[in-house]
Amino acid sequence: MFFIPASALLIVPPADLCDHIDVWRRRFDPHSEWIPPHITLAYPPFASVDQWPVMCLGITELVGPIQPFEITLDGVGVTSGIPQVLWLHAREDGGLSRLRGLLETRFPALVQPLPDGYTPHLTVGQFEEDAPLAAARVELEAGWKPLHFEVDRLFFAVQTPDRRWQMRDFVRLGCPDCRDCPD
């Protein structure tokens, strides 16, 4: 069977925060083992693995002037549909929406506007029925403490044939020429 990997452009919180978020995700999201906690900037299908080296240069140029910024994961939201999604609001000063808008403008074939607009969020659970979603929402709202972190890079993620996602590369914010950036 031929497999074409999906890809996306993501923001991934620091590892210690991912561990905290995954406590909830393991309970409510059947896909939690396949992909780390993340905020999606460019949804699949994004650039192919073959397109990424050239795309990376364009994204580096685009986000180089943007300085790292803070995000707070607070507030709980839901999105109806199939599946229904339980998520954490990514509160910030507009940096995520600005990044998303720049990507839509610069790469319109790969990052198209979303029908309901872009809502920065981190998915915590997926549900097929209303009652489990409602119960999970109440539980998360009662137990969630806001988490803060700095967004300083965007990750290029690729899905593998076993449906897991790998972070293949990243682009730093505030670094117009990443050849000079320390790792």
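Residues numbered from 1 in each chain as written. Predicted model: local features only at pLDDT ≥ 70, side-chain atom pairs only at ≥ 80, totals over all residues. Heavy atoms only, no water.

(A) Main features of the pattern of salt bridges. A complete count under the given rule lists 9 salt bridges for this structure. One salt bridge connects E33 with R164, and the closest N-O pair in it is separated by 3.5 Å. You can see E33 sitting in the loop between helix 1 (15–28) and strand 2 (39–42) and its partner R164 sitting in the loop between strand 7 (153–159) and strand 8 (165–172), a full 131 residues away along the chain. With a relative accessible area of 53%, E33 lands in the exposed category. (Salt bridge = Lys/Arg side-chain N within 4 Å of Asp/Glu carboxyl O. Helix = DSSP H or I, 4+ residues; strand = E, 2+ residues; numbered from the N terminus. Buried < 20%, exposed > 50% of the residue type's maximum accessible area, 1.4 Å probe, protein only.)

(B) Region of the structure containing the nonpolar core. Within the largest apolar cluster, 46 residues are counted, with the highest numbers of intra-cluster contacts made by I39, F46, I59 and L73. For this core, the element with the highest residue contribution is helix 2 (residues 52–63), accounting for 6 residues. Once residues lying within four places of it in the same chain are set aside, the contact partners of I39 are L9, L10, I11, I71, L73, A90, L96, Y118, H121, L122 and F149. Counting residues in each nonpolar core, the second largest holds 9 residues, with A6, L10, C18 and W165 among its members. (Core = buried A, V, L, I, M, F, W, Y, C linked by side-chain atoms within 4.5 Å. Contact = heavy atoms within 4.5 Å.)

(C) How the structure looks around the packing of aromatic side chains. Counted under the stated rule, the structure contains 5 aromatic pairs. Judged by centre distance (6.4 Å) and plane angle (55 degrees), the ring pair of F46 and F156 falls under tilted. Pair noted here: F46 is in the loop between strand 2 and helix 2 and F156 is in strand 7, with a separation of 110 residues, a long-range link. As far as burial versus exposure is concerned, F46 and F156 are alike and both buried. Ring centres of F155 and F170 lie 6.1 Å apart, and the angle between their planes is 55 degrees; this geometry places the pair in the tilted category. Residue F155 is located in strand 7, and its partner F170 is located in strand 8; the two are separated by 15 residues in the primary sequence. Look at F170 and you get partly exposed, because its relative accessible area is 25%. Every member of this aromatic cluster is reached through a ring pair, and the members are W24, F28 and F127. (Phe/Tyr/Trp six-rings, centres within 6.5 Å; stacked < 30°, edge-to-face > 60°.)

(D) Summary view of the side chain of S7. Residue placement: S7 occurs in strand 1 (residues 7–11). Taking the relative accessible area as the measure of exposure, S7 reaches 3% and is therefore buried. A polar contact is formed between the side chain of S7 and the backbone oxygen of A47, at a distance of 2.4 Å. If sequence neighbours within four positions are ignored, S7 has contacts with Y43, P44, P45, F46, A47, S48, F156, A157, V158 and W165. (Polar contact = N/O pair within 3.5 Å; in protein donor to acceptor, adjacent residues only side chain to side chain.)

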